[in-house]
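Descriptive structure summary
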Amino acid sequence: MIKIKNLSRYYQMGPTTVKAIDDIDLSIGGGEFVSIIGPSGSGKSTLMNIIGCLDSPTSGTYTLAGEETAALSKDMLAEIRNRHIGFVFQNFNLLPRESAVENVELPLIYAGVPVKERRQRALEILKRVDLEGREFHLPNELSGGQRQRVAIARALAVNPKILLADEPTGALDTKTGAQIMDLFRELQSEGVTLIMVTHDRDVAAQGKRIVEIRDGHILTDVPAEEWEK
Amino acid sequence: MKTFKFTESLKMSLRSITSNKIRSFLTALGVMIGVAAVITLVALGNGSQKAVETSLQSLGSNLLIVYSGQPKGPSLVRRNTTNIAPALSKDDLEFIKSLPESMVLHAAPESSASGQVKYGNTNTGATVVGTDTGYAAIRNFHPIYGSFFTQSDIDARKPVAVIGSQVYKDLFDSGFDPLGQKIRINGIGFKVIGIMEEKGSSSTDTQVFIPISTFQKYISGSSKYALINIQAANLETMRELQKFIEDELLHMHRIASMDAADFYIANQLDLLSTMEGVAGTFTLLLASIAAISLIVGGIGIMNIMLVAVTERTREIGIRMSLGAKSKDILSQFLTEAIILSVGGGLIGIFIGISAAYGANRFGGMASVISVQSILLAFGFAVITGLFFGGYPAYQASKLDPIEALRYE
């Protein structure tokens, strides 16, 4: 599903070059549940942005679902984001003036799905994440856990191959965080590839495979059961 | 995958516009005022131009007027002729009348005074005009009822009068036949022999025409004329004719140059072009003022759109992360700017037409609403929206999704 080879991402900060990611190789298969962990400044966010096609590498190759992304234009990347990737953010990133169902419809709008079908699909997905009855609430009328479930529903709306979660439980209490993780495991069992970025070792341990990043390099890449917290 | 449809942009824009109604209204208000100003001011400018043309045409065609005295003020046309001291003699008139028909078709002397006209117990103010038989033809101004006085009336200095339509309305009951009735002008009895047609101009319709000889005897007591109306034989040679008459009259009056002359000649061609020029400049001036207000309206749109883009940076980032392309974002914000300008423009058209109509109906100002000015103003409003909304929309579309998502 994801093949990363000799991938680097440098930033030019005045005279100095910051190597956010330096020569990384990483492959993730379909249906995996991978936790990427590292302290802040380790390069994990940069790696996630590149996997999410929000950013392009300085050098190296990134192949997503057989498609080499380095050569793609901004618009093509936008299309890949729309079709293949669902984002779940720490702070949910819902549009505050749109109701739950309208938020879920957003990626479908950009995918060109007709109005009726769009609404029907959005309602189904909200039901899937147990938000039946809350479809027409505004985000500020929902609890944190509910908002994150709206965000997950939105990420799932176009049936993406990959769900990218950036600190998905960071803004939630332990109990609701655990519910979200349960939902992730369910989704994984249904075949969705899950990539979760976190600095929290307990959260990371919920994944099936742990990739630890430090200073732009991969430190360890092991199955969860072999990982030393 | 399919293209992001315009209707989606439209929906998003409408939602955003209606979610902040006061701000949207104020933004559109600039364009509204601009468009309304263009339409109203151009209508008033056109109206005054039209009024000038009509009043000039009502003077008659191929008209030269010899006035007594020096030219006064910038305007060649003398609205008020009652205060001109008569200085043109019978010899001057005879000379002009002696010119061949290939040069002068008609010539008629004219002197006027303001006077009180009385019928029974009713009285009204009027301009009493003494002239001769050629006047009606030169000024293209004829009796609608009864007849103009004749040469024999002039020769006999008869106290007969042809009254203006407004004078008739002021003195008589509607439908009353005034022919043969005796009216008094400044205390002197006159017999009404005709009513002039209505010209729609108050200064023209409040005149009373009497034979020039009668005027000289009873009213002015002078044998001179205030002015001489001349109808030139053709339009092309009017300026040459004017020069010729000037030279001859200077010679007859023994005066060296026009600078020292005791008369001057106004040429209808000059009047027309001067007046039209003035009115045209006036319209242009009004239109430019209005256009400036449209530009200011456009800047208002740009200002608000820039604020909106900044405020909604995070929204833009979210939309981009969900697959919105640059052109989707561009289209969303541009549509919003265009809705504001088009909406403002449409309301502006309505206000502009109402104001132009109101100025005419209630303010007594001449206004001619031109379709061109409506199209121009509206087109300009749309272009304003595109142009001033384009930059903020472009800014929005070029945002980096990562930066935009991080924006607090």
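Just so you know, these numbers come straight off a predicted model, no measurement behind them. (Residues numbered from 1 in each chain as written. Chains lettered and ligands numbered in written order. Predicted model: local features only at pLDDT ≥ 70, side-chain atom pairs only at ≥ 80, totals over all residues. Heavy atoms only, no water.)

What follows concerns the overall build of chain A. Each helix and strand in chain A was counted, giving seven helices and ten strands. Its C-alpha radius of gyration of 18 Å places chain A within 12% of the 17 Å reference for a compact globule of 229 residues. Along the first, second and third principal axes, the C-alpha atoms of chain A reach 50 × 40 × 35 Å. Scored against the burial criterion, the 229 residues of chain A give a buried share of 55%. Across chain A, every contact between residues at least 6 apart in sequence was considered, and the portion connecting residues at least 24 apart equals 68%. With an accessible surface of roughly 9900 Å², chain A has 49% of that area assigned to carbon and sulfur atoms. Taking the average location of the 27 positive side-chain charges in chain A and that of its 32 negative ones, the two points are 3 Å from each other. (Helix = DSSP H or I, 4+ residues; strand = E, 2+ residues; numbered from the N terminus. Rg over C-alpha atoms; globule rule 2.2 N^0.38 Å. Buried < 20%, exposed > 50% of the residue type's maximum accessible area, 1.4 Å probe, protein only. Contact = heavy atoms within 4.5 Å. Areas by Shrake-Rupley, 256 points an atom, 1.4 Å probe, with all protein chains shown as cover. Lys, Arg positive; Asp, Glu negative; His and termini not counted. Charge placed at Lys NZ, Arg CZ, Asp CG, Glu CD.)

This next bit is on the interface of chain B and chain A. Facing the 28 residues of chain B at the interface are 28 residues of chain A. There are four salt bridges connecting chain B and chain A. A salt bridge links R118 of chain A to E8 of chain B, with the nearest nitrogen and oxygen atoms 2.3 Å apart. Counting across the interface, chain B meets chain A through nine residue pairs in polar contact (both at pLDDT 80 or more). Going through the elements one at a time, α1 (6–19), α11 (313–321), α12 (326–361) and α14 (401–406) of chain B are the ones with two or more residues in the side of chain B that touches chain A. For the side of chain B that touches chain A, the element with the highest residue contribution is α11 of chain B, accounting for six residues. Per-class residue counts for the side of chain B that touches chain A are ten nonpolar, five polar and 13 charged. (Salt bridge = Lys/Arg side-chain N within 4 Å of Asp/Glu carboxyl O. Polar contact = N/O pair within 3.5 Å; in protein donor to acceptor, adjacent residues only side chain to side chain. Nonpolar A, V, L, I, M, F, W, Y, C, P; charged D, E, K, R; others polar.)

Attention now goes to the confidence of the model for chain B. Looking at chain B as a whole, its pLDDT mean stands at 87, while 96% of the residues score no less than 70. Across the interfaces of the predicted complex, the ipTM metric reaches 0.92, alongside a pTM of 0.70. (pLDDT = per-residue confidence, 0-100.)

Further remarks concern the nonpolar core. Within soluble globular proteins, side chains that are nonpolar tend to cluster in buried spots. Core analysis: the largest hydrophobic core is formed by 64 residues, its most contacted members being I2, I4, I36, I51 and Y62 of chain A. With residues near it in sequence (within four places) discarded, I51 of chain A still touches I2, I4, I36, Y62, I85, L164 and I195 of chain A. By size, the runner-up hydrophobic cluster in this structure holds 49 residues, among which are F95, I193, I212 and A226 of chain B. (Core = buried A, V, L, I, M, F, W, Y, C linked by side-chain atoms within 4.5 Å.)

All names here are of chain B. Considered for burial, the residues of helix α8 (residues 212–220) that qualify are I212, S213, T214, F215 and Q216. Against the buried residues of α8 lie β2 (104–119), β3 (122–131), α5 (151–155), β7 (188–196) and β8 (207–211). One or two residues past the end of α8 sits G221, with phi positive at roughly 70°.

Let us now look at the pairing of strand β9 (residues 227–232) of chain B. Residues and elements named next belong to chain B. Judged by how many residues are buried, β9 sits mostly within the fold: six of six residues are covered. Relative to β9, strand β1 (residues 63–68) runs antiparallel, the two sharing five bridges. Considered in β9, the bridge of V66 is made with I228. Across six bridges, β2 lies against β9 in antiparallel orientation. (Pairing = 2+ DSSP bridges.)

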